[in-house]
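The primary structure of each chain is shown beneath.
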Amino acid sequence: MHLDIPTLTFVSLLMGIGASIGFTSLMTVLRNQTVLRIWVASLWIATLGVLLIGLRNRIPDLLSIVVGNGAIVFSNALMLKGIAKHLGQPMRWRWPGCFVLVYIGFSAWMTYVTPDLGMRLFIASLQAVIFDLAYAYLLLRYGEPAIRTSCRIAAAIMLINAVFFLMRAFMSVAYSAGQDIMLAGTPVAATYVVGILTGLASYFALLQLITERLMVDLSRAAHTDGLTGLLNRSAIVAEGRASLARCQQRGQPFTLLIFDLDHFKQINDRWGHDVGDAVLRHVTTILRSGIDWPHMLASRYGGEEFVLALPGATLEQGMEVAEKLRYTLAHSHARIDHQSIPVTASIGVAVARPGTRFEQLVRQADEAMYRTKFDGRNGVSLAMADSAHLAEAGDTRC
Ligand SMILES: Nc1nc2c(ncn2[C@@H]2O[C@H](COP(=O)(O)OP(=O)(O)OP(=O)(O)O)[C@@H](O)[C@H]2O)c(=O)[nH]1
């Protein structure tokens, strides 16, 4: 077996074509993954670059060296853009764009003005090192905890890539090669073999990034309400049960609030369902910005009904939170399409007793909430058992 550079370039080309086809077919299934589109474009452009470089001596130098290397550096910039997008970071084209242009200019200079294969190889390797370090930096710096495993693995592969390209930058080129990379000699050929392996690892790293992101997105979608982003009904029941059990084990109190928007049907009937939806989002914003309780669980339980679980909150603290919520909602009209829509809520509060199950607590708070509706809405009521408890203690709030 003779692993010369043309053979290795051909293997790289086949691998690039295979990976590009594979990622393209994946894109047809995962249509809404815009990141995948960017990476697919990057892979095809890199493959084109390898093809043009591989056709050295068969096509003009302008195409083989300048356009070929330009395609590779542009594909690297696209890969960076995709990684930034994957991590939810905006990336402006200014610096990567300048880098690409300077690199292309340099390739042309080193081809036509002062031809120097060694220097060309050195700079080409250095640009790869810079991009690999940039990928790894982004992945380690901005990978959110939920997708950290795939980010760390990908970053490790990119760092190995960077080390490999750094070694290639200092490889000596055979004297007899002249300006032809295909004759650069055994040390450079050996780096091609390593490059094929690390390239393969990079494809798997991309797949892993996409897979972990999809799993996190799916799990989030299964737990959250699409309109408000709050927990959905089944998620609050599951998480509420666990939270209540923890509080009961530690002997801590646990209070639950249910609130239902008043006359919500009238909002829908008068302004339409879109405005109704916007009102639900407005209520969510008030909830998120106005109520700050450690480890609070907030959920849209049904249509215009919300549940708040307050682990560690006593009855009195739960009542305070409920009153604050009622007051804030009643004094913050939803401003939608230049209209000011008054929003009030009827709230029910229940505190867990020893052995109370989460579902029981929800039922008790729900009954209290219906009493608020009955009493004229825009108010707070306690569950029966809790009212009796407060009355015994001489508190008249119930
Ligand atoms: N816009 C919008 N409306 C919803 C959604 N889910 C449920 N609704 C509407 O919420 C309204 C609830 O009406 P009702 O149960 O009569 O309650 P209400 O008008 O708030 O009256 P009270 O609860 O007695 O104060 C219905 O018109 C539902 O169509 C939703 O996701 N978006």
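Residues numbered from 1 in each chain as written. Predicted model: local features only at pLDDT ≥ 70, side-chain atom pairs only at ≥ 80, totals over all residues.

- Under an unreviewed UniProt entry, the chain has the name diguanylate cyclase and belongs to Dyella halodurans.
- Under the Catalytic activity (unreviewed entry) heading, UniProt states for the chain: "2 GTP = 3',3'-c-di-GMP + 2 diphosphate". (UniProt positions renumbered as here; feature names shortened; annotations may be inferred.)

**As for the confidence of the model for the chain**
Logical step 1: Across the chain, the average pLDDT comes to 90, with 92% of residues at 70 or higher.
Logical step 2: With pTM at 0.73, the complex prediction returns an ipTM value of 0.96. (pLDDT = per-residue confidence, 0-100.)

**Notes on helix α8 (residues 233–250)**
Logical step 1: The terminal C-alpha atoms of α8, which comprises 18 residues, lie 26 Å apart, in line with the 26 Å expected from a rise of 1.5 Å per residue.
Logical step 2: Along α8, the residues that are buried comprise Ile236, Gly240, Ser243, Leu244 and Cys247. Along α8, the residues classed as buried sweep out an arc of 105° about the axis, all on the same side. Along α8, the residues that are exposed and aim more than 90 degrees away from the buried face are Ser234 and Gln249.
Logical step 3: Those residues of α8 that are buried are in contact with β1 (254–261), β2 (297–302), β3 (305–311) and α12 (358–374).
Logical step 4: Looking one or two residues beyond α8, the residue adopting positive phi is Gly251, at roughly 70°. (Helix = DSSP H or I, 4+ residues; strand = E, 2+ residues; numbered from the N terminus. Expected span 1.5 Å × (residues − 1). Buried ≥ 20, exposed ≤ 12 C-beta atoms within 10 Å, placed from the backbone. Arc of directions from axis to C-beta. Contact = placed C-beta atoms within 7 Å.)

**Some words on the UniProt feature "transmembrane region" (unreviewed entry) in the chain**
Logical step 1: UniProt feature "transmembrane region" (unreviewed entry): in the numbering of this structure it lies at residues 6–26, 38–56, 62–83, 95–113, 119–140, 152–177 and 189–210.
Logical step 2: Within the segment residues 38–56, helix and strand shares are 89% and 0% respectively, and the terminal C-alpha atoms sit 28 Å apart.
Logical step 3: The span residues 189–210 is 100% helical and 0% strand by assignment, and the distance between its end C-alpha atoms comes to 32 Å.

**As for the site of the ligand**
Logical step 1: As a structural note, the neighbourhood of the ligand is formed by 16 residues, with Phe264, Lys265, His273, Gly276 and Gly303 the closest of them.
Logical step 2: Those elements that provide at least two residues to the shell around the ligand are β1, α9 (264–271) and α10 (273–290).
Logical step 3: Top contributing element to the shell around the ligand by residue count: α10, with four residues.
Logical step 4: Here the shell around the ligand is built from residues that sort into four nonpolar, five polar and seven charged. (Near = placed C-beta within 6 Å. Nonpolar A, V, L, I, M, F, W, Y, C, P; charged D, E, K, R; others polar.)

**A few points about the UniProt feature "domain: GGDEF" (unreviewed entry) in the chain**
Logical step 1: In the numbering adopted here, UniProt assigns the feature "domain: GGDEF" (unreviewed entry) to residues 252–385.
Logical step 2: In residues 252–385, the share of helix is 46% and the share of strand is 28%. The end C-alpha atoms are 18 Å apart.

**What about the pairing of β1?**
Logical step 1: Extensive coverage of β1 is indicated by the burial of eight of its eight residues.
Logical step 2: Residues Phe254, Leu256, Ile258 and Asp260 of β1 are buried on one face, and the alternating residues Thr255, Leu257, Phe259 and Leu261, pointing to the opposite face, are buried as well.
Logical step 3: Sheet topology places β1 next to β3; seven bridges connect them, and they run antiparallel. Pairing of Asp260 across the sheet is with Glu305, part of β3.
Logical step 4: Of the strand pairs in this sheet, β1 and strand β6 (residues 345–351) are connected by seven bridges, and their pairing is antiparallel. Counted as the bridge partner of Leu256 is Ala350 from β6. (Pairing = 2+ DSSP bridges.)

**A short note on the nonpolar core**
Logical step 1: The biggest cluster of nonpolar side chains holds 50 residues, and the ones touching the most others in it are Leu80, Tyr135, Leu139 and Ala154.
Logical step 2: Broken down by secondary-structure element, the contributors of at least two residues to this core are α1 (5–29), α2 (34–54), α3 (61–86), α4 (94–113), α5 (117–142), α6 (148–169) and α7 (186–223).
Logical step 3: The dominant element in this core, judged by the number of residues it contributes, is α3, at 13 residues.
Logical step 4: Setting aside its immediate chain neighbours within four residues, Leu139 contacts Ile83, Cys151, Ala154 and Ala155.
Logical step 5: In terms of nonpolar packing, the next biggest core, distinct from the first, is built from 49 residues, Leu297, Leu315, Ala345 and Ala383 among them. (Core = buried A, V, L, I, M, F, W, Y, C linked by C-beta atoms within 7 Å.)

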